[in-house]
Structures are given as structure tokens and as C-alpha cells.
Protein chains: 4
Amino acid sequence: MNSFGRIFRISIFGESHGHCVGITIDGCPCGIPLKEEDFIKDMDRRRSGIQGTTKRLEPDSVEIWNGVYDGYTTGSPITAIVCNTNTNPKDYSLFKHVPRPGHADFTGQKKYHSFNDMRGGGHFSGRVALGLVIAGVIAKKILKEIHFISTILSVGGSQNISQKIEETLQEKDSVGGLVECRIQGCPIGWGEPFFDSIESSISHLVFAIPAIRGIEFGEGFLSASRKGSEHNDAFIDQNGKTLTNHCGGINGGITNGNEILFRVAVKPPSSIAKSQHTFDFQKNAMTDLVVEGRHDACIALRIPVIIEAAAAIALADFSLLRGHS
Amino acid sequence: MNSFGRIFRISIFGESHGHCVGITIDGCPCGIPLKEEDFIKDMDRRRSGIQGTTKRLEPDSVEIWNGVYDGYTTGSPITAIVCNTNTNPKDYSLFKHVPRPGHADFTGQKKYHSFNDMRGGGHFSGRVALGLVIAGVIAKKILKEIHFISTILSVGGSQNISQKIEETLQEKDSVGGLVECRIQGCPIGWGEPFFDSIESSISHLVFAIPAIRGIEFGEGFLSASRKGSEHNDAFIDQNGKTLTNHCGGINGGITNGNEILFRVAVKPPSSIAKSQHTFDFQKNAMTDLVVEGRHDACIALRIPVIIEAAAAIALADFSLLRGHS
Amino acid sequence: MNSFGRIFRISIFGESHGHCVGITIDGCPCGIPLKEEDFIKDMDRRRSGIQGTTKRLEPDSVEIWNGVYDGYTTGSPITAIVCNTNTNPKDYSLFKHVPRPGHADFTGQKKYHSFNDMRGGGHFSGRVALGLVIAGVIAKKILKEIHFISTILSVGGSQNISQKIEETLQEKDSVGGLVECRIQGCPIGWGEPFFDSIESSISHLVFAIPAIRGIEFGEGFLSASRKGSEHNDAFIDQNGKTLTNHCGGINGGITNGNEILFRVAVKPPSSIAKSQHTFDFQKNAMTDLVVEGRHDACIALRIPVIIEAAAAIALADFSLLRGHS
Amino acid sequence: MNSFGRIFRISIFGESHGHCVGITIDGCPCGIPLKEEDFIKDMDRRRSGIQGTTKRLEPDSVEIWNGVYDGYTTGSPITAIVCNTNTNPKDYSLFKHVPRPGHADFTGQKKYHSFNDMRGGGHFSGRVALGLVIAGVIAKKILKEIHFISTILSVGGSQNISQKIEETLQEKDSVGGLVECRIQGCPIGWGEPFFDSIESSISHLVFAIPAIRGIEFGEGFLSASRKGSEHNDAFIDQNGKTLTNHCGGINGGITNGNEILFRVAVKPPSSIAKSQHTFDFQKNAMTDLVVEGRHDACIALRIPVIIEAAAAIALADFSLLRGHS
């Protein structure tokens, strides 16, 4: 299922080498100023080009096709797309027989009986997440009092990011990374006590992003080792401000007015130029696979703007539900 | 929103000190043998009674009210409940003015303008998760070829669980824990590439459970420090078996036929008898709070059967969608 | 699927001869005064007892099980039930082999492979609509400025209702009826232009009610014979008041502030004591069927309060979405 | 909300004078042969050009953007669009002040605070229903054993359609019509007993189509005047064949294997060249309005293929749910 949300509803479509990737957003309020230039900053943050990211360079210009008139959202569905311009006529048929370890080549073929478009990963491509970035820009406009800050904490366990990337490139390998998102200014009382807790909604969206392997809120996995007297956040004023923020701004699934904080683990990209010993399903024998081409050595570098978008989309939906619990 | 699922749909209701907690399950196939005794084993696993869990002892017998006739599911909605028998007439009004640090007392009151039922945590009570256990039992019947194994890996960072619990009780404190779930026998091809990835669905349900602070699949947070050549799982046979299972049985959001593996971090319970310095919203001043009563010192001890249920519910939904991607 | 709604979400359960019929309502705002007596008036309107309705008499007392505390809704899911007290140990096995013409006996068995509970119609029973009446009472409380008026226009084509019922009873037959619902005080701007038009939502719920065969809004089927110059409703003041109301208060799927008006066609009940020549699936031959027992001669008599409830539920959902298009 | 469906999910977007109208279809199985030419026949049936329909002539070529590779559906979301080529730079600002009687000009402005795109009706345009036609073509491919036949029964109450249209054009007026849809070959057991009855699903989609005022199944409104002994359909063989088909192929919300039959009432188009006395909201006074331009005199002429599409979409969703109740 390629849609998400209750009021602010998004439906994603597209594949890496098809005509475009895009998104339809339903339930966006009318009267929000929106123009194509508004997307440039966040699209640039996701684009490749820096060391460690793929050499597939595309302008990634967002085209707004529907739902905006005279510079403002109309209240009708917004469809926006990014055309795929720099597609590569390379032959992906090798991966039908020798599916890349760690990649969706194998599961995609099994699920879709080989009808899936494997070029560039098809609908499994990280490029599909562009739709999230688009929706995130609009979501942030709805949440204009709320600030999102995401940063890369480390790659490959190292805080010296550029050095680690350099090493990885020399080894023709790839590397994972740890990314943090902090959200300031969210009102008290968003989220629901059970299935639609803030954590449920954000994690649902975050795990839609290819390559995410874990998520934790506040103290996260550290809290498993803690005592209640250490982990509990004492209140210190009438506004609900707390002395510490071990819970990451959420109690019982509901925002408590403090900073929302979560971290995600991003796995290393599966396509590497280093040789891998794996199975050839056609020859029914082990083989050595070297994945040539334009790949990211560290996809985590491009993740901050996407998880920020995921969080904004989740919160925009809650903001429009506000007062209706 | 208190419902979840697309085909196998569950709607949860109830509060700690109301008449009952329960669940309605829609979309369960007809013809599944089901009787009230079938719930005993998993309900017992969730019950308190062992050292470190609350002394609120209840039989927690499941009553099937609808959707079962002559020992088999009818295809109509199944409603099953557990009555609240051992409620405590204790006064919860203190927590209106001195909300427990780390608890939903504060956010619940803000969200529901003090109309929420605060007795025993009301709808925020861990007791509401009984509905998940009920649905989990039925989900496992749908998934009869699939085996679920969940275990407590550690509490308070210690693998010597009973000793750590003993210490914690003596300190009048509480402690967190780490729980793992392994799922064997799941076919290849369940899950969707984007919003309804296996990870999205499981994490959505898992974060509905009170006290969960993090989730990771396969190598999880460790993968953020790894290289692709280390993390990738090489294929070794025609069935898609892999040499390692760092991805936790999921590629591109879709099951690959290997064991599904995830871990969750459970925070320490917020209600502790140890004194806490926190805010009194009525007196507008700091105060010392001692939470008396029957509390769990380590809720993680009761979590394994619940996360197993969450995973089973998510997978039952995918199993009924099978072939429809 | 046994649930409906986006914000004000209802999940229905139960069968005629099971423990109870009931409903869970999620998304009801907190702070609404609600007690069990509030349901009496509408439940009495649906009850049988008058000439032409079944002799199955039950008190039909609503029990509120969850979501209400101290006389007010808490914001948590509301579960309310009506116990089945006057069930009849009669043997329904005849209808397995000789399914009643016009009834769901045949389709129910086919769909559920004979696992369905056929006693009293099981989940197909009109009694399941009690859940709608319960939700309707709560919906009307949310819509306190809006008035609902439903009336029986005719039964069996006759406006002399009691005479027609008398004739029908003497013939051991049953009869259909025409019911109208008028809704006053609905604000301008509710409803959506496409899939969630007011008409879509109301008709979706209305056709959930057993025995409904048609619905029309405003001039309805008559409009198919009309000219635009006759059918169009001219505006006559700044508030959008119109000279006529041929559109039934809805333009482009959205309320225009005038009275909402719709009519439904209710078919005659299928269970009749008059002999019917039909098929015996066991004997593989035609047979004569006389349906004994307690049946409604005219279910339309009990429909007004149910379609009113259906309309109120649909509008309550729109009211909670208000301002979010 | 602009989406519909549980497995076969459609999200519609676009407006009359924007870049395009289109649809995203999620949940379509992989491996279905699909090319752009497949849409020509049904698009032509919806196109204008014959007497009584608008002179806005456009090729209405469907472009498939995503979800199809090498001639087959991939299992990923399908996005298909129709560009708006013959847009008219006419000034629609008159209708801001003098909203057309019977049109959504008034409600659209109220709902969207005048941010809606009024050109050509914007998102309220009948042109948005092109998306349904597109989805209908794909749905029919899923339902390859099922045949759909829709016909115009009458326009303006007359079965002599061309004569009635001629008269209407001379009077500069418009006229309504009655359209019937018959569906053959649908298996037994599709549909659900309550909220997702076949009638609920079809009517929900049908009332999304602009200009529909009523729907009836089988004998429909006539059944309100009938006796049970007349309306009941006696079974006559082991397959569930019935002697008559007054129920329109549906019992208890579930298909019974007989022909599904429904009729819809289509109102006369609201835009007419004949003068109408209505309100000028700017001048705060009554005025005479003559709607110039290219309008349909009878939109019912273009409805058959659309209601057929609506029915096919509803049934495709049920077909993919088959066996899961």
C-alpha cells in the first residue's frame, strides 16, 4: 500500500527509470502559498553530488501539476512530480540471476513474479523517497511554528565523516550511518494513546524509507538499561517543562511540549564494487559479484532531509486532527 | 485512532478500571476453531505474579462475545473481552495535580481536558494491551506454519535478571529491559516496498504498546557502524537462504524467507515508590512525590508475549493480503 | 468490513442470537455528557411491538461499557452493547437446505462456507443495526444544532399505513415502504467534491442497513425527467438561501446550508408465512416453503430512526473534519 | 478525501483547466497486459462530440506514467493522466459573484474560502471523472470474466432521446436522464453484510460522479410498493439461479450469482444559456444570469461508461478481497 495518513494523506508513485517519481497529497488545507521554488532547498539537501554519494546527477526540479492556483493551494489534491532525466540504459538483467546481497532484487522478483521494473531498483529505489521530501516541504508550511533539525551523528561508527567516507571509497565498499532528528515547538497533546501514538506514526513513515534498520525515541535503547529514577523526567514548571528529556518529548504516545527527539540507524548501501561471493540462481552455483555503476557509498548522508520530511508529514496529519480526540 | 489493519482489522477499547478491556477483530476468516481456553496460555504469559511484577492479580479470563459459533469463527466480527475484577478504589486525584514523571498523567489531562479516566491509567494502562494478546492468539492460528519466539535479553543492562529485579525492588525503583522476537517459517514475499513495509507495520503496532522506546531489525543500530561488505547477506541456495541474516529476514520491506528478527527497548515503569522531586501544578511549586500502590518494577518481563502478538497481527494481515500486490 | 468513518469511526459487531449486538465508537470528542438513559428514546423508536412488527420483544437497554467516566465521554473508545435476551431456540437448519427467497440465507452460507451463525439471521439480522442507533444518538449530541426528522411516506404504495399493514397481515405477506429524512441546520461547506461527497457517505451507510433498495437526494429520480431551468435552485439571499430545494441541500457533494433531504426505498421483509415455491438444495427439487415464527410484516416501520442515525453518523464525521479540506 | 478502496485503491487528482486530470491506482496485481491504446474505446465513449454534449473537444489520450513496464503492470502504483489541451481563457470571475444555480460555484467558494480554481469548474468538473474511466478500464481487465452493459433508458422522461435533445437545445436548456448498468458473470459471495455491502460500495463511488441524484438496485423504488410474495426471488436450481431478479443480484449485501442491476438518476446540467433569475452576491440584489460557453445539454449521455467504471472499480476491489471474509 502506497498511501499514508488520515487527513493529510499522501500517495506515492514512480520508479527510478520510469517517467517520473511523484506524490499526490490529499487533505492539504487551502490558502497555503506554494510555488515550485519552495522545494529547491530541501531537494538540494537530498541530492547527490558530494563525496560519497552517487554520480547520478539530476536537477530534481519539482513540477506542481495540480491543486495550486494563482500561488496558493486550492484544497484539491496536490500532485507534484520530479522527472527522471538521467536514466542509464545499463543492463539490469544480471541482477535477475545474481540478485545483489542486501538488495530487494530477490524479494522484488519473488513478490512480483519478475514483472517488476528492475532498472535502477524500480519502485524500490531510494529515488521514490523524493515524494516524501516534496510532501515534507508542504507539511512544514502547515506546521509553521515548528522547527526541524536533522543531523548525521556518525558514519561507520566514526564521527570524522569525511575521513570515513574517503576510506570507504578507497575500499570500494559502502558504510552505514546514524542520523538524529530534533523537533522544536510542537504543542502539547498531539498523538493518540494507542495505535496512533506519535512514535507509531513516525516509525511507520520512517521505515518506509529504504535502508532504515532501527529507530529510537529519547533515550531509546539506553532506557532498557536504566532505572525509573534515572529515566523519568521531572516536571519543573506550569507549562510541563521537564528537567531532562529522556522520553524524547512524548508520554503515552502524546507530545508533552518538550523537544521531540529520535534517531535512526541507516544501513550501508548494498551495491558495492567490492567483490561478493553469492549465488547465481540461473547457474545454480556460487559466483563472484562486482556491482559496477553509480552508487552511493553512504546513503545516510542523504537521509536527514528525508526523516525530517517523514516527521513533518506525521505531525501535519496530527495537527489537522487537533482537537478531535 | 484505536484501530489497525487492512484485512485483519482490530479495534481496541477499554480502560484499567472500567468494566473491561477488549477488542473487536474484523476480517478474520471463517472456519477457524476457537474457544475461550485457547487464550489461557498467552494470557498467563502476560499476567503478573512473578517477582518484579504488580500484585494486582486477576484471572484475566477471555470471554468471546461474538463471531464464534459452535466452536468455529463465523467470518463476522469477533469481540472478546477481559473483565476488570481487581480494581482498586484508591484515589488517583493526587496525580491530577502532581502528574507522575514519565507517565501519561500530564499529557492525558491536557489532551482530554481532564475528562479522561485516570484510575489505574485509564485507557493508557498497559492493561489495554490485553486486547493485542487476544488478537495475537487468533493471528497465530491464521499463521499456523509460522513460529514466534520472544525472550528477555536483559533487564537494567544485566543478563542476571532475577538478581537485577531483586536489587531494583530493594531500591524501590524500577528498571527497563531488552526483548527480542524471532519469527520462523514466514514465506517469501510478504510486505510492501514503501509505506507498508514489514518494518513499518510491525513498528507501528509495537509502538502502540506503552513503554516501548526503540525497535531495530536484524543488525539494527549496529548496521550504522558497518560496511556493506560486512552487512550484506550473501545468498547460498535456490531458496534464497543467506549465509548470514544481518537484515533480519527483510529486504526492501519484504520478507526474504529467512528468520525475521527484531528487538525492542522497554523503558523502566514510571511509577516508583522512591521519592521524586517534581512539580505540583496546583500549588505551583516543586514537591516530593512517592507513588504508593501496586506497580511493576519491570514491565519488560511482561512484554515478550505482547510483541509476539503485535508481530503476529501484522503478519496475519499480510498473509490475508497475499498475492494481491 | 464492519467499520466506517475517518474521525468519528464506528465498528459494529454482534449477531441476532449471540451474546449481544454492539458498537465501538472511536474518535468521539471528550466532554460530551452521556448516560444510558440517553438511548431510550431512539431505541424505543426502533423497537417492535406495534402492529406489523415482530413479536420478539426485548427491552433493548443500552449498556455503556467503556469510554464514559463520571457522566462524560473521556475521549477513549466508547463501547456500548445491547444484550440479546429473547432468543428463540428454534431450529434454523431448514433454511440451510431451503434458503428463504430474498433472504441472505443462500449468500451467507456460500460466503462463509456454512460456518455462519444462521440463528435469527446471525450477523445479517436487522438487529445489528441497533449499533447504528446507538452511534446515532451520540452523533446527534455532537451535532447539537442540527435537527433530524424522518417519516414514513407510504407502505406498499399506500399512504393509509395502518390499513395496508392490516391487509398484509391477513394475507400472511409482507410489504415495503418509503421513508424520508430531512436534516435542518447543517452549516454550509461540509462534504467533499469527489469520493467523500455527502451523498457518497450517507448512501454508503444507508445501504449497510438490511432491506434498503434505493436512495435519492432532493428531487432524486424525478430530476432525470427535468430540465435545468426547472431543476436549478435560484439563490435569493446572501446566506445562500435558495427559492427551491430540488438539489436536497447539496451542490457538488457539499452542503449549501439548505435542508438536506433524502428518501429511501425499503423492500418488503423476505420471511413470510405465505407459501413460496422455491428450491430445496438438499433434495435437489422444488418445494413449498412456509416461514413460521416472529417476523416483521413491514420493516420500513422501524427504519426512520435508523436512517436518521446513519445520516447523523455521516455528518458527525464531517463536522469533526470541518475546516480541514 | 480523494481516494477509495481497500486493496484496489484509487487516488484521483486534477482540475478542468490545470495541467491534467489523472489517477493513481495502488494494489493492482502485477502481470496484467496494459498499453495506452487500451483506454481509447472507453475514453471515446465518454468524450463529447455528439449532439447534446459540449463542443469542448479534446483527444483525451491517456498517458501511463508509472507502474507499467514492458507492456505489463509491475505491481507498483500505476499513475495515468490525461492532459487538458483545450482550455478556455474565458473569465470565470462572474460566477464568483453570481454563482450558477445548481452548480458547485457557491459551495466551492464557501468551503475553500475562494482559493478554489473555478476555471471550468476546477476540481468539481465532470472532467475529473476521467480518472474513474481510466481505473475502470484496468478494473475490467482484472474482472475479465465479468461483462458490463450500461445504457441510457431515457432523457428528460422521453425514450426518444435525439428528439428530446433537439428540443432542449432549441430551448437553450438542459435535461436529465436515467441510466442503467447490468453486470453479468459476477461470482457468488462478493460483498460484505454490513458497511461494505455491494450496494454501499457501488453507491459510494457512483455518488462521487457529479450530477448523480439517485441510485436503486434491482426493483429499487418500486420495491417500496411491493409485497414480499411479489418481490422475493424464488430459487430454481442448485447454482442459486432465481426465477426473477427483483433484488438485482444482491442478497444481504452479497452477490448471489444473478445479474447485478442498478439504475442512476442524472440531473440536468446546471449551466444553461436560458436566462435565470438569481442572486448577485456582490451587488446584493437579484439579477438575470445567462451562462454562455460550451456546455453539455445532457450530461447523462456521457454517464454510462462512467457508472460502468464505478461498478468495475468496486467489484475489482471485492475480487481482490475474495476469500478473506
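The structure displayed is predicted, hence computed values, not measured ones.

The rules behind the values
- Residues numbered from 1 in each chain as written.
- Chains lettered and ligands numbered in written order.
- Predicted model: local features only at pLDDT ≥ 70, side-chain atom pairs only at ≥ 80, totals over all residues.
- Heavy atoms only, no water.
- Contact = heavy atoms within 4.5 Å.
- Buried area = accessible area lost by both parts, 1.4 Å probe.
- Polar contact = N/O pair within 3.5 Å; in protein donor to acceptor, adjacent residues only side chain to side chain.
- Least-squares fit on C-alpha atoms with pLDDT ≥ 70 in both.
- Salt bridge = Lys/Arg side-chain N within 4 Å of Asp/Glu carboxyl O.
- Buried < 20%, exposed > 50% of the residue type's maximum accessible area, 1.4 Å probe, protein only.
- Helix = DSSP H or I, 4+ residues; strand = E, 2+ residues; numbered from the N terminus.
- Pairing = 2+ DSSP bridges.
- Axes fitted to C-alpha atoms, helices over the stretch in contact; angles between N-to-C directions.
- Parallel < 35°, antiparallel > 145°, perpendicular 65-115°, else oblique.
- Left-handed = near helix turned anticlockwise from the far one by under 90°.
- Nonpolar A, V, L, I, M, F, W, Y, C, P; charged D, E, K, R; others polar.
- Arc of directions from axis to C-beta.
- Phe/Tyr/Trp six-rings, centres within 6.5 Å; stacked < 30°, edge-to-face > 60°.
- Lys NZ or Arg CZ within 6 Å of the ring centre and 35° of its normal.

**Brief notes about the interface of chain C and chain A**
Move 1: Each partner contributes to the interface: chain C provides 10 residues, whereas chain A provides 10 residues.
Move 2: For the pair chain C and chain A, the two sides together bury roughly 790 Å², of which 56% comes from carbon and sulfur.
Move 3: For the interface between chain C and chain A, the tally reads zero residue pairs in polar contact (both at pLDDT 80 or more).

**Structural notes on the relation of the copies chain A and chain B**
Move 1: Its rotation angle being 180°, the transformation that places chain A on chain B also includes 0.0 Å of axial translation and leaves an RMSD of 0.0 Å. Such a turn and shift between the copies fits a two-fold axis.
Move 2: Both copies contact each other with a shared surface, as 100% of the interface residues of chain A are interface residues in chain B too.

**Observations concerning the interface of chain A and chain B**
Move 1: The interface is formed by 102 residues belonging to chain A together with 102 residues belonging to chain B.
Move 2: Interface area, chain A with chain B, both sides summed: about 8100 Å², of which 62% is carbon and sulfur.
Move 3: Considering only the side of chain A, the residues that lose the most area to chain B are A:Phe194, A:Phe195 and A:Arg213, jointly responsible for 12% of the buried surface there.
Move 4: One can count six salt bridges joining chain A with chain B.
Move 5: Here B:Glu171 and A:Lys227 are joined by a salt bridge, their closest N and O atoms 3.0 Å apart.

**Observations regarding the pairing of strand 10 (residues 212-217) of chain B**
Residues and elements named next belong to chain B.
Move 1: Summarising burial for strand 10: six of the six residues are buried, a large majority.
Move 2: Judged from the five bridges that link them, strand 10 and strand 13 (residues 260-266) form a sheet pairing that is antiparallel. Looking across to strand 13, one finds that phenylalanine 217 is bridged to phenylalanine 262.

**Some details on unusual backbone geometry**
All names here are of chain D.
Move 1: Of note in the backbone geometry, histidine 113 takes a positive phi value of approximately 50° without being a glycine.
Move 2: Along the chain, the position of histidine 113 falls in the loop between helix 3 (105-111) and helix 4 (130-142).
Move 3: Phi is positive for lysine 172, which is not a glycine, with a value near 55°.
Move 4: Of note, lysine 172 is situated in the loop between helix 5 (161-170) and strand 9 (177-184).

**A closer look at the pattern of salt bridges**
Residues and elements named next belong to chain D.
Move 1: Going through the model one piece at a time under the given rule, you end up with 88 salt bridges over all chains.
Move 2: One salt bridge in this structure joins aspartate 317 and arginine 6, with 2.8 Å as the shortest N-O distance. Here the residue aspartate 317 occupies a position in helix 8 (residues 304-321), and arginine 6 occupies one in the loop between strand 1 (3-4) and strand 2 (9-14), the gap between them amounting to 311 residues.
Move 3: Its relative accessible area of 2% is what places aspartate 317 among the buried residues.
Move 4: According to the relative accessible area criterion, arginine 6 is buried, its value standing at 15%.
Move 5: Across the pair glutamate 219 and arginine 226 runs a salt bridge whose closest N-O atoms are separated by 2.8 Å.
Move 6: Glutamate 219 gets classed as buried once you look at its relative accessible area, which sits at 10%.
Move 7: Note on arginine 226: relative accessible area 22%, which makes it partly exposed.

**Topic: the sheet that holds strand 4 (residues 62-66) of chain D**
Strand pairing in a sheet is mediated by backbone hydrogen bonds. Such pairs are either parallel or antiparallel.
Residues and elements named next belong to chain D.
Move 1: Pairing within the open sheet is antiparallel, and its five strands lie in the order 1-2-3-7-4. Both edges of this open sheet fall to strand 1 and strand 4, since each of them pairs with a single strand only.
Move 2: Bridging between strand 1 and strand 2 involves two bridges; their strand directions are antiparallel. Bridge pairing links serine 3 to serine 11 in strand 2.

**Describing the environment of B:Asn239**
Move 1: Note on placement: B:Asn239 falls in the loop between helix 7 (228-231) and strand 11 (250-251).
Move 2: Apart from the residues within four sequence positions on either side, B:Asn239 is in contact with A:Phe106 and B:Ile188.

**Quick word on the relation of the copies chain C and chain A**
Move 1: Screw-axis analysis of chain C against chain A gives a translation of 0.0 Å along the axis, an RMSD of 0.0 Å, and a rotation angle of 180°.
Move 2: Counting the interface residues of chain C, we find that 100% of their copies in chain A are interface residues as well, pointing to one common contact surface.

**Points about the packing of helix 6 (residues 198-206) of chain B against helix 8 (residues 304-321) of chain B**
Residue and element names in this part refer to chain B.
Move 1: Interaxial distance between helix 6 and helix 8 falls to 9 Å at its minimum, and their mutual angle equals 135°. With respect to helix 8, the element helix 6 is oriented oblique. The element helix 6 and its partner helix 8 pack so that their crossing is right-handed. Listed contacts from helix 8 to Ile198, Ser201, Ile202, Leu205 and Val206 of helix 6 are Ile307, Ala310, Ala311, Ile313, Ala314, Leu315 and Phe318.
Move 2: Split into classes, the residues belonging to the contact of helix 6 with helix 8 amount to 11 nonpolar, one polar and no charged.

**Some thoughts on helix 5 (residues 161-170) of chain C**
For an α-helix the count is 3.6 residues per turn, leaving residues at separations of three or four pointing the same way.
Move 1: Taken together, the buried positions of helix 5 of chain C are occupied by C:Lys164, C:Ile165 and C:Thr168. The arc that holds every buried residue of helix 5 of chain C, seen down its axis, measures 100°, which confines them to one face.

**Looking at the packing of aromatic side chains**
Move 1: In the structure shown here, the tally under the stated rule is 48 aromatic pairs over all chains.
Move 2: A centroid spacing of 5.9 Å and a plane angle of 35° characterise the contact between A:Phe195 and B:Phe4, whose relative ring orientation is tilted. Placement of A:Phe195 in the loop between strand 9 (177-184) and helix 6 (198-206) and of B:Phe4 in strand 1 (residues 3-4) is noted, with the two residues assigned to different chains.
Move 3: Classification of B:Phe4 by relative accessible area gives buried; the value is 12%.
Move 4: Their ring planes at 65° and their centres at 4.4 Å tell us that B:Trp65 and C:Trp65 sit as a pair that is edge-to-face. Of this pair, B:Trp65 sits in strand 4 (residues 62-66) while C:Trp65 sits in strand 4 (residues 62-66), placing the two residues on different chains.
Move 5: Given the relative accessible area of 10%, C:Trp65 is considered buried.
Move 6: Among the aromatic residues, those joined into a cluster by ring pairs are A:Phe106, A:Phe279, A:Phe281 and B:Phe235.
Move 7: Its end group placed over the ring of B:Phe318, B:Arg6 keeps NZ or CZ at 4.7 Å from the ring centre.
Move 8: Lying over the aromatic face of B:Phe95, B:Arg100 brings its terminal NZ or CZ to 4.0 Å of the ring centre.

**Points about the side chain of B:Ser150**
Residues and elements named next belong to chain B.
Move 1: Inspection of the secondary structure puts serine 150 in strand 8 (residues 147-155).
Move 2: For serine 150, a relative accessible area of 11% gives the class buried.
Move 3: Within the structure, serine 150 has its side chain in polar contact with the backbone oxygen of proline 304 (distance 3.1 Å).
Move 4: A polar contact is formed between the side chain of serine 150 and the side chain of glutamate 308, at a distance of 2.5 Å.
Move 5: With residues near it in sequence (within four places) discarded, serine 150 still touches Arg45, Glu180, Cys181, Pro304 and Glu308.

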